[in-house]
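# Structure assessment
Below, each chain spelled out in residue letters.
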Amino acid sequence: MTALLPVLLLMSSLIPSVITFFVAQDSYRVRNSLSLGGAIVKVVLIVLMLFAVADGAYYETEFPLAPGLVLLLRIDALALLFISLSAILWLLTTIYAITYLGTKPNLSRFFGFFSLCVAATTGLALSGSLISFFIFFELLTLSTWPLVAHKQNEASLSAARRYLLYAMPSSAALLWAIVWLESTTGPVLFTEYTDMGALDPMSQRAIFALFIFGLGMKAALVPLHGWLPTAMAAPAPVSALLHAVAVVKAGAFGIVRVVSDVFGMERVTALGVGVPLAVLASVTILWGSFRALQQQEIKKRLAFSTVSQVSYIILGVALASPLAMIGGRAHLVHQGLMKITLFFCAGIYDERADVRRIDGLNGLGPRMPWTSLCFSLGALGMIGLPPLAGFISKIYLGLGGLEAGAPWVLGVLAASTLLNAAYFLPMIYRLWILPAADDAKGDERSPGLVIPAVIAALAALGAGGLAASAFSPLGWATLIVMGE
Amino acid sequence: MSALVILLALPLLGAMAAVALPPRAGRLAALFAVAGSTAAALWLTVQVAAQGVIRLELGGWAPPLGIALEVDGLAATMICMAALVVLCVALVALPIMAPDKAGARAAFGFWPLMLMLWAALNSVFVSRDLFNLYVGLELLSLAAVALVAIGGKPAAITAAIRYLFFALAGSLLYLAGVVLIYAAHGTLDIGLLARRVAAPTDPLALALMTAGLMAKTALFPFHVWLPPAHAGAPAPASAMLSALVPKASFVILLRLWFEAMPELATETALLIIALLGTGAVFWGSLRAMAQSRLKLIVAYSTVAQIGYLFVAFPLAGEGSTGVPWAAGAWNGAVFLAISHGLAKSAMFLAAGQWMMVTSSDRLDDLRGMAQAMPMTAFAFALSAVTLTGLPPSGGFTGKYLVMTAAFASGQWGWALVMAAGGLLAVAYLYRPLALIFTPGDVARGILPSRAWQAVPLLLAGASVLLGLASAPPFDLLAIGRPGAAEDGL
């Protein structure tokens, strides 16, 4: 039974996905039950496992691909952190997407790929070896492409093209890195020490750089971030999922795995590649915030904010001190919760009030109180206002920077906080203080859209407020780092 | 053993029946032969997996007096792949090659030619005698050329004549090599040749046979006949021509180099073979990008994909101490060949289904196909995944094995070719894929049934499944695998 758990987790989204493709367009009930059913089953499975894994248990299943080469699915604490995030956010996004898309065309294709995308994310989280990780990483690329192109208009098709244009070379680089490494070490398992003795330090550095190039594109590291803002042409639920849990997180999660489980902290320090990575992450943090400031569209501004925020995770990993690593892993969840709240709200403004630009937000607060409250909570969390989730991440990253002997990190964090405030506070100001335009519309009579946003906002609030609890993202991240 | 006899005889009997009987009954007989032989192919594969190599000495005469047929893992894998492809081609061809659609001549000729081609293929896969292989190849080429010409359009006839010229030239070269071998050793059995006393004419003989087989495999620069021929034939015929026919001569090349004469593989020879493969990968891909008709893109993609198979030659077995699996590159090449066969036939069948609706394969006429025929579009997309070598797919497994072998033996330049080939494949397959996803008006109401659309999807799905469940074919390939595949050339 326990060996089956990883497979069940994967199947809980894979099976609904495959069936959904064959559901007729007007069988709404069948399709919705499939999507929601899969999401609920997955959450239940995860809750079952949480307590066992907290006690140090792990579950493992392997399929032979070729003699010596296995597809290894393994549930450890880090996998469970990522997987719980994806499961909860998937459930919320499914509810949101069902309402958002209503009776628009091509629903079966959409929800089929939507579930496939989550299956790929689950597989990524569960991967216990590099080759399994790569397989699911590419499955994710392929299943998100039709979602980005979903509206099939000029903008979304060109966004999808751009996405592949970035994704394919980076995937080649990633494969190159994996093959180069594994040709000397044999298949790399995350749980086992990788003996890189056969490679000289320069080759090891080159492999590391290829890994960062391959994974950094999905994590939207500058200068590989260009696809992310254009991918906003996708429907709002897709943007929400892309930014909070699926694609950018897959990249960040991959970097966490490579740094801590493939190379290991000592080797990263010995090779001297940690500091360049931290610098790259810092540049991304500042550049993303700076570009966000220049945007006049809500979704574009949120997109550049993602570019910036995801690099907090990478910064935490690159600094390599325990506190920074805790902060980075906790931010994996924190950023997901806050960003999905913001994207849900942006979708509601678009759908219910026809507002896409920032100057259209004037006076929407009193008209759409729930949405605006959630949006404000998410924004304040991103800025890092205590006791919201973003504050916890930043304080741990800052302390971690000091611990790692890199006090300049404090400067980066402070500058980024100021920039965050500079682009989020005016939006809050417009929502609540400025008067509405005379012809402004806007109502919230759409519980399917508002309730997921409220739950996500509450979760972000809880993750910060209850950070001391063992099952908060911070508590869990501490467990992971202590276990390593 | 009886399964092997059925597999060789039943397609030929079916072909004769399809010629002799009235059209409807003939078609029925052909379908019966397809079903029976497919079952035999599956049964044969199961038998090989269970009890190892199956050997049949015709008339009880052992070589060098008689001729031996042998089903090893390689042959069983190829037979199994071919059977799946032919079955699907037959199902898709039923409406496409109906007399009112394809014309009476094509509808009449297609079935016997298809079965003849299949019988020839099977005989090539299992033959151990060089002359017997020659006969099989000739039969194969004649059936293939006729399938190109069957449409009757002037362009198709020209393409067929060009194909015939290359095929005959290839046969002559091959035959010249066979003559030299026979003169020197008095036997043509591959197993006996492996234990021969070396003769001074052997390198020349091997070079002649290799050149001839390369022309038949359409390896760059002998590929010029392939694109017009494969694009000009009716789509179900193209599916077989592209997916199966080049694999026959490729299998013979594998047997010659890895079984009969591995000691003749000098560094220079291997370098030339792999360089030609590299040329094929780049030239085929670049030409594919420049095409504006779907079938030509798919045909040039075959030129590029065949290149991969030859890049693996200098890598096979090398450095097997460095990788945890034996015969990495050899297995990788066979995996690439099989998954290409499955994916390429799915692509041509998808193209054929679209052409039933639009009667054109110009890219611009494909707009809106993802909406009109979603299952076919999905099949095309899955095949594209295999051809670009993205996981999970058989194409990826093969590519991974070849690339690892390249790194492990310190020849990472060949790995670069594989990686570049993948990126180029994305580039030339993206255009048709993006266009079928663009909205457009496709005449509704005449759309084919979903079950029929599912046939190419079956093939494409199989090519993807090969990457997820690659252990069983891997084990199968290990049966009777030549030592040179593991130790390197």
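Below or above, wherever it landed, is the structure these notes cover. Residue positions are given per chain, counting from 1 as you read along its sequence in written order. To read the labels, note that chains go from A and ligands from 1, taken in the order they are written. With the structure being a predicted model, the display of local features is reserved for residues of pLDDT at least 70 and the display and counting of side-chain atom pairs for 80 or more, all residues being used for whole-chain, interface and lining totals.

### What about the overall build of chain A?
Counting secondary structure elements, chain A contains 20 helices and 2 strands. A radius of gyration in this sense is built from C-alpha atoms; the matching globule rule multiplies 2.2 Å by the number of residues raised to 0.38. Taking 2.2 N^0.38 as the reference for a compact globule, 484 residues should give roughly 23 Å; the C-alpha atoms of chain A span a radius of gyration of 21 Å, in line with that estimate. A principal-axis box enclosing the C-alpha atoms of chain A has dimensions of 70 × 55 × 45 Å. Contacts in chain A between residues at least 24 apart in sequence constitute 80% of all its contacts with a sequence separation of at least 6. Helix and strand assignments come from DSSP, with helices taken as H or I runs of at least 4 residues and strands as E runs of at least 2, each series counted from the N terminus. Contact between two residues is assigned when their C-beta atoms, built from the backbone, lie within 7 Å.

### Digging into the overall build of chain B
Per the secondary structure count, chain B includes 22 helices and 2 strands. For chain B, the C-alpha radius of gyration of 21 Å lies close to 23 Å, the compact-globule estimate for 489 residues. Taking the principal axes of the C-alpha coordinates as reference, chain B spans close to 70 × 50 × 40 Å. Taking the intrachain contacts of chain B between residues at least 6 apart in sequence as the baseline, contacts between residues at least 24 apart amount to 81%.

### Some remarks on the packing of helix 18 (residues 394–408) of chain B against helix 20 (residues 450–468) of chain B
All names here are of chain B. At a minimum axis distance of 6 Å, the contact between helix 18 and helix 20 shows a crossing angle of 45°. By the angle class used here, helix 18 and helix 20 are oblique. Between helix 18 and helix 20, the contacting residues are Gly394, Phe396 and Thr397 on the first element and Ser463, Leu466 and Gly467 on the second. Put simply, Ala, Val, Leu, Ile, Met, Phe, Trp, Tyr, Cys and Pro go in the nonpolar bin, Asp, Glu, Lys and Arg in the charged bin, and everything else, Gly too, in the polar bin. The class makeup of the residues in the contact of helix 18 with helix 20 is 2 nonpolar, 4 polar and no charged. Lines fitted to the C-alpha atoms define the axes, with helices restricted to the stretch that makes contact. Angles between their N-to-C directions range from 0 to 180 degrees. Note on angle classes: values under 35 degrees are labelled roughly parallel, values over 145 roughly antiparallel, values of 65 to 115 roughly perpendicular, and the remainder oblique.

### Looking at unusual backbone geometry
Of note, the bond from Val222(A) into Pro223(A) is cis; its omega dihedral lies within 30 degrees of zero at 5°. By the secondary structure assignment, Pro223(A) is in the loop between helix 7 (201–216) and helix 8 (227–230). A cis amide bond, omega -5°, links Pro391(B) with the succeeding residue Pro392(B). If you trace the backbone, Pro392(B) turns up in the loop between helix 17 (374–388) and helix 18. With a phi angle near 60°, Asp354(A) is a residue other than glycine that sits in the positive phi range. Residue burial is a threshold on neighbouring C-beta atoms within 10 Å of the residue's own C-beta, all placed from the backbone, with 20 or more meaning buried, 12 or fewer meaning exposed, and counts in between meaning partly exposed. Here Asp354(A) falls in the exposed class, since 11 other C-beta atoms lie within 10 Å of it.

### Notes on the environment of Phe407(B)
Take Phe407(B): it is sitting in helix 18. Spatially, the C-alpha atom of Phe407(B) lies 29 Å from that of His223(B), the residues being 184 residues apart in sequence. Aside from chain neighbours lying at most four places away, what touches Phe407(B) is Val179(A), Trp180(A), Ser183(A), Trp412(B) and Ala415(B).

### Some words on the interface of chain A and chain B
Taken residue by residue, the interface counts 29 residues in chain A and 28 residues in chain B. Of all the secondary structure elements, the ones that give two or more residues to the side of chain A that touches chain B are strand 1 (59–66), helix 5 (130–148) and helix 6 (154–185) of chain A. Element by element, the count of residues in the side of chain A that touches chain B is highest for helix 6 of chain A, at 13 residues. Partitioning the side of chain A that touches chain B into residue classes produces 20 nonpolar, 5 polar and 4 charged.

### Description of helix 9 (residues 202–217) of chain B
Residues and elements named next belong to chain B. Between its first and last C-alpha, helix 9 extends 22 Å over 16 residues, near the 22 Å set by a 1.5 Å rise per residue. The element helix 9 is largely enclosed, with a buried count of 12 among its 16 residues. Where helix 9 is buried, its residues contact helix 6 (130–149), helix 7 (154–185), helix 12 (245–260) and helix 14 (294–311). A positive backbone phi angle near 65° is found at Ala218, which sits one or two residues after helix 9. To estimate the expected span of a helix, subtract one from its residue number and multiply by 1.5 Å.

### Description of the packing of helix 5 of chain A against helix 6 of chain A
Residues and elements named next belong to chain A. Interaxial distance between helix 5 and helix 6 falls to 10 Å at its minimum, and their mutual angle equals 175°. It follows from the interaxial angle that helix 5 and helix 6 lie roughly antiparallel. Taking contact as the criterion, the partners of Leu130, Ile131, Phe134, Glu138, Thr141, Trp145 and Val148 in helix 5 are, on helix 6, Ser156, Ala159, Ala160, Tyr163, Leu164, Ala167, Ser171, Leu174, Leu175, Ile178 and Glu182. Taken together, the residues of the contact of helix 5 with helix 6 sort by class into 13 nonpolar, 3 polar and 2 charged.

### Overview of the nonpolar core
All names here are of chain B. A set of buried Ala, Val, Leu, Ile, Met, Phe, Trp, Tyr and Cys residues, joined through C-beta atoms within 7 Å, is what we mean by a nonpolar core. Val85, Leu117 and Met240 are the most contacted members of the largest nonpolar core, which has 401 residues in total. Looking at this core element by element, the count peaks at 19 residues for helix 3 (residues 73–96). Non-local contacts of Val85, meaning those with residues more than four positions away in its chain, are made with Ala239, Met240, Ala243, Leu244, Gly341, Leu342, Ser345 and Leu459.

### Considerations on helix 2 (residues 28–54) of chain A
All names here are of chain A. The first and last C-alpha atoms of helix 2 sit 39 Å apart over 27 residues, in line with the 39 Å expected at 1.5 Å per residue. The bend at a residue is defined as the angle formed between two axes, one fitted to the seven residues ending at that residue and one fitted to the seven starting there. The largest bend along helix 2 reaches roughly 25° and is located at Leu48. Those residues of helix 2 not exposed but buried are Arg31, Leu34, Ser35, Gly38, Ala39, Lys42, Ile46 and Met49. As for helix 2, its buried residues are in contact with helix 1 (5–20), strand 2 (69–75), helix 3 (77–101) and helix 4 (107–126).

### Considerations on the environment of Leu85(A)
Residue and element names in this part refer to chain A. Mapping Leu85 onto the fold places it in helix 3. Note: C-alpha distance between Leu85 and Leu337 (252 residues apart in sequence) is 8.1 Å. Each residue touching Leu85, except ones within four places of it in the same chain, is listed here: Val245, Val333 and Gly336.

### What about the environment of Arg291(A)?
Residue and element names in this part refer to chain A. Here Arg291 lies in helix 12 (residues 274–294). Looking at Arg291, the number of C-beta atoms within 10 Å reads 21, which means it is buried. As for Arg291 and Tyr423, which are separated by 132 residues in sequence, their C-alpha atoms are 9.8 Å apart.

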